[in-house]
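Chain by chain, the residues run as shown.
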Amino acid sequence: MEKKLRPASLCVRAGWTPKNGEPVEPPIIQSTTFKYDDSDEMALLFDLKKEGYFYTRLQNPTNDAVAAKIAALEGGVGAVLTSSGQAANFFAVFNICEAGDHIVTSNEIYGGTYNLFGVTLKKLGIDCTFVNPEASDEEISKAFRPNTKVMFGETISNPGCKVLDIERFARLAHSHGVPLIVDNTFATPINCRPFEWGADIVTHSTTKYMDGHAMQVGGCVVDSGNFPWLDHADRYPGLCAPDASYHGIVYAEKFGRMGYTTKLVAQLMRDLGSIPAPMNCYLLNIGLQTLHLRMRQHCQNAQKVAEFLSADPRVAWVNYPGLKDNPYHALAEKYLPQGSCGVIAFGLKGDRDTAVKFMDSLRMASIVTHVADARTCVLHPASHTHRQLSDEQLREAGIAPDLIRLSVGIEDVDDILDDIRQALDKL
């Protein structure tokens, strides 16, 4: 039996094993299409009776090598790369939902995902109920309906930095016969592997820590292969009934644990085509090779910054799971014992203008929409990413109007602290 590699080795080695004389990096197959000498051979590919490549919208060798690496890191059976993290969340849900269906999701999620589920999916006929993840089991269970198809949450919420009780959410989802999808972007599989706690599907914005250098936009959907679709065949006809658009294939029967992933490619990528470019996947793979090193430094730096902010009298509050007095510290100890991430949520004493003045006074940290890369950056969601929401809507989404999202980079932590200190001194 082949030795099972640990996460740090998987970051470097998984997904691509060069043969004698082949390149050590997966080559960039920057081609839309692939040639065959025999038309019958291509027909087998279109019938899903043979594995191979014929059009990059469906599969590409470069993309597949990187997807295989992420699947290995998460401990899944397969993964599909998408053109963005938002596309990954949409595909993960839409692969098992259609008009007339319903989803249940934590309200502690990224604002773009909140809008995707609460507004855009409704236009497609898919209803959504948001729940407070701190509510009782009984209260959350009331959100489920006979047509509920999935439950969703984020390991560490963006931007609130609240930790999801994955095991509890998985138990609730499974008690209602639906899978749990977890967005693991902030934690990454270096710090948390949701499948080990009962989650069924994991999504990522690979734009963030996985890339780590703000070089490419991308996403990923990873399947554990563990959810028993056929046990709930009436609820999931897309996976458990013949697909008229693909020769009557029953994905869960023909492809077993790969049924969900195969359907996502064969149906959604075929029809919606939200694929990443092979060049982007090549860049992503370079970032993945140092993910285990960077996450360690992000967490060490963020811990020191969070402790500094907590002790400063000009700071009203700090939410970082690594702080011992944090309400999510116990969950972080359970799910994130190696560290959470580099993102800190905090508020200053004052109003919105105070937050803006602080950010405008920073010299090294950059005001950007992005988060979770090598550089320290900062954002005020109420003024930027979530500015379409009222203060009341912000609070419903679990976001305080004064919240500042600080993404601590991997620079020298003393330089980061100096920058924060001089900006606070100008308030």
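The coordinates are above.
In every chain, residue numbers begin from 1 and rise along the written sequence. With the structure being a predicted model, the display of local features is reserved for residues of pLDDT at least 70 and the display and counting of side-chain atom pairs for 80 or more, all residues being used for whole-chain, interface and lining totals. Calculated side-chain values reflect all of the structure's heavy atoms, with hydrogen atoms and water omitted.

A. Spatial organisation of the pairing of strand S12 (residues 404-407). We call a residue buried when its accessible area falls under 20% of the maximum for its residue type, exposed when it is over 50%, and partly exposed in between, using a 1.4 Å probe and counting protein chains only. Comment: elements are numbered from the N terminus, with helices defined as DSSP H or I runs of at least four residues and strands as E runs of at least two. Residues Ile 404 and Leu 406 line one face of S12 and the alternating positions Arg 405 and Ser 407 line the opposite face, and both faces are buried. Strand pairing is assigned whenever DSSP identifies at least 2 bridges connecting the two strands. In this sheet, S12 lies alongside strand S11 (residues 377-379) in antiparallel orientation, the contact comprising three bridges. By the bridge assignment for S12, Leu 379 is matched with Arg 405.

B. The arrangement of the pattern of salt bridges in detail. Basic side-chain nitrogens of Lys or Arg form a salt bridge, by our definition, when they fall within 4 Å of a carboxyl oxygen of Asp or Glu. Under the definition given, this model contains 15 salt bridges. A salt bridge links Asp 101 to Lys 149, with the shortest nitrogen-to-oxygen separation between them at 2.8 Å. Remark: Lys 149 occurs in strand S4 (residues 148-154) and Asp 101 occurs in the loop between helix H4 (85-94) and strand S2 (102-106); sequence separation between them is 48 residues. Pair check on accessibility: Asp 101 and Lys 149 agree, each one buried. The shortest N-O distance in the salt bridge between Glu 196 and Arg 193 comes to 2.8 Å. Ionic contacts of the salt-bridge type, sharing partners, join the residues Lys 122, Asp 127 and Arg 145 into one network.

C. Representation of the packing of helix H13 (residues 291-311) against helix H17 (residues 413-425) within the structure. Fitted lines through C-alpha atoms give the axes, limited to the stretch in contact for helices. The angle between two N-to-C directions lies from 0 to 180 degrees. For the pair H13 and H17, interaxial distance at closest approach is 10 Å and the crossing angle is 30°. Judged by the inter-axis angle, H13 sits roughly parallel to H17. The interaxial crossing formed by H13 with H17 has right-handed handedness. Residues Asn 301, Lys 304, Val 305, Phe 308 and Leu 309 of H13 form the contact with H17, whose participating residues are Val 413, Ile 416, Leu 417, Ile 420, Arg 421 and Leu 424. Residues are grouped as follows: Ala, Val, Leu, Ile, Met, Phe, Trp, Tyr, Cys and Pro are nonpolar; Asp, Glu, Lys and Arg are charged; every other residue, Gly included, is polar. Taken together, the residues of the contact of H13 with H17 break down into eight nonpolar, one polar and two charged. Angles below 35 degrees are treated as roughly parallel, those above 145 as roughly antiparallel, those between 65 and 115 as roughly perpendicular, and all remaining angles as oblique. Here is the rule for handedness: rotate from the far helix to the near one, and if that takes an anticlockwise turn smaller than a right angle the crossing is left-handed, while a clockwise turn gives right-handed. Here, residues are in contact when the closest pair of their heavy atoms is within 4.5 Å.

D. Just the side chain of Asp 243, in detail. Along the polypeptide, Asp 243 turns up in the loop between helix H9 (237-240) and helix H10 (251-254). It is Arg 270 that comes nearest to the buried, bridge-free Asp 243 among opposite-charge side chains, at 5.0 Å. Definition of a polar contact: a pair of N or O atoms within 3.5 Å, with one able to donate and the other able to accept a hydrogen when the atoms are protein atoms, and with sequence-neighbouring residues admitted only if both atoms are side-chain atoms. At 2.5 Å, the side chain of Asp 243 forms a polar contact with the side chain of Tyr 251. Dropping the residues within four chain positions of it, Asp 243 is found in contact with Gly 248, Ile 249, Tyr 251 and Gln 267. In summary, the charge assignment counts Lys and Arg as positive and Asp and Glu as negative, without counting His or the chain termini.

E. Broad picture of the nonpolar core. Formed by 98 residues in total, the largest nonpolar core has its most connected members in Ile 103, Phe 117, Met 151, Leu 180, Trp 229 and Tyr 260. For this core, the element with the most residues is helix H11 (residues 259-272), which contributes six residues. The residues touching Phe 117, leaving out its near neighbours within four places in the chain, are Val 93, Ile 103, Thr 105, Ile 109, Lys 122, Cys 128, Phe 130 and Phe 152. Note on terminology: a nonpolar core comprises buried Ala, Val, Leu, Ile, Met, Phe, Trp, Tyr and Cys residues joined through side-chain atoms within 4.5 Å. Core analysis: the next-biggest nonpolar cluster, separate from the first, contains 28 residues, Ala 306, Val 315, Ile 344 and Leu 406 among them.

F. Layout of unusual backbone geometry. Cis geometry is adopted by the peptide bond preceding Pro 159, which originates at Asn 158 and carries an omega value of 10°. Residue position: Pro 159 is located in the loop between S4 and helix H7 (166-175). Non-glycine residue Thr 188 carries a positive phi angle of around 60°. Here Thr 188 is to be found in helix H8 (residues 188-191). For Thr 188, a relative accessible area of 0% puts it in the buried group. With phi around 60°, His 247 is a residue other than glycine that occupies positive phi space. Residue placement: His 247 occurs in the loop between H9 and H10.

G. Summary view of the environment of Ala 199. Within the secondary structure, Ala 199 is located in the loop between H8 and strand S6 (201-205). For Ala 199, a relative accessible area of 2% translates into the label buried. In contact with Ala 199, not counting residues within four places along its chain, are Ile 166, Ala 170, Leu 180, Val 182, Pro 194 and Ser 224.

H. Layout of the state of the cysteines. When the sulfur atoms of two cysteines come within 2.5 Å, that pair is taken as a disulfide. With the rule as written, the count across this model stands at zero disulfides. Cys 299 forms no disulfide, and the closest cysteine sulfur to it belongs to Cys 341, at a distance of 6.6 Å.

I. Representation of the packing of helix H3 (residues 61-74) against helix H12 (residues 278-288) within the structure. The N-to-C vectors of H3 and H12 enclose an angle of 35°; their axes lie 8 Å apart at closest approach. H3 and H12 meet at a crossing whose hand is left-handed. In this structure, H3 uses Thr 62, Asn 63, Val 66, Lys 69, Ile 70 and Leu 73 to contact H12, whose residues at the interface are Pro 278, Cys 281, Tyr 282, Leu 284, Asn 285 and Leu 288. Taken together, the residues of the contact of H3 with H12 break down into eight nonpolar, three polar and one charged.

J. H4, seen in detail. Burial runs high along H4: eight of the 10 residues are buried. Among all positions of H4, only Gly 85, Ala 87, Ala 88, Asn 89, Phe 90, Phe 91, Ala 92 and Val 93 are buried.

K. Inspection of the sheet that holds strand S10 (residues 366-367) at higher detail. Taken in spatial order, the five strands make up an open sheet running S8-S9-S12-S11-S10, and their pairing is mixed. Edge positions in the open sheet fall to strand S8 (315-319) and S10, since each of these has one partner strand only. Bridge count between S8 and strand S9 (residues 343-348): four bridges; the pairing is antiparallel. When the bridges of S9 are listed, Trp 317 appears paired with Gly 347. Where helix H15 (residues 352-361) meets the sheet, it contacts S9, S10, S11 and S12, and its direction lies at approximately 125° from that of S9.

L. How the structure looks around the side chain of Asp 419. Structurally, the position occupied by Asp 419 is in helix H17. An unpaired buried charge is present at Asp 419: no salt bridge exists, and Arg 363, the closest side chain of opposite charge, is 5.7 Å distant. A distance of 3.0 Å separates the side chain of Asp 419 from the side chain of Gln 422, its partner in a polar contact.

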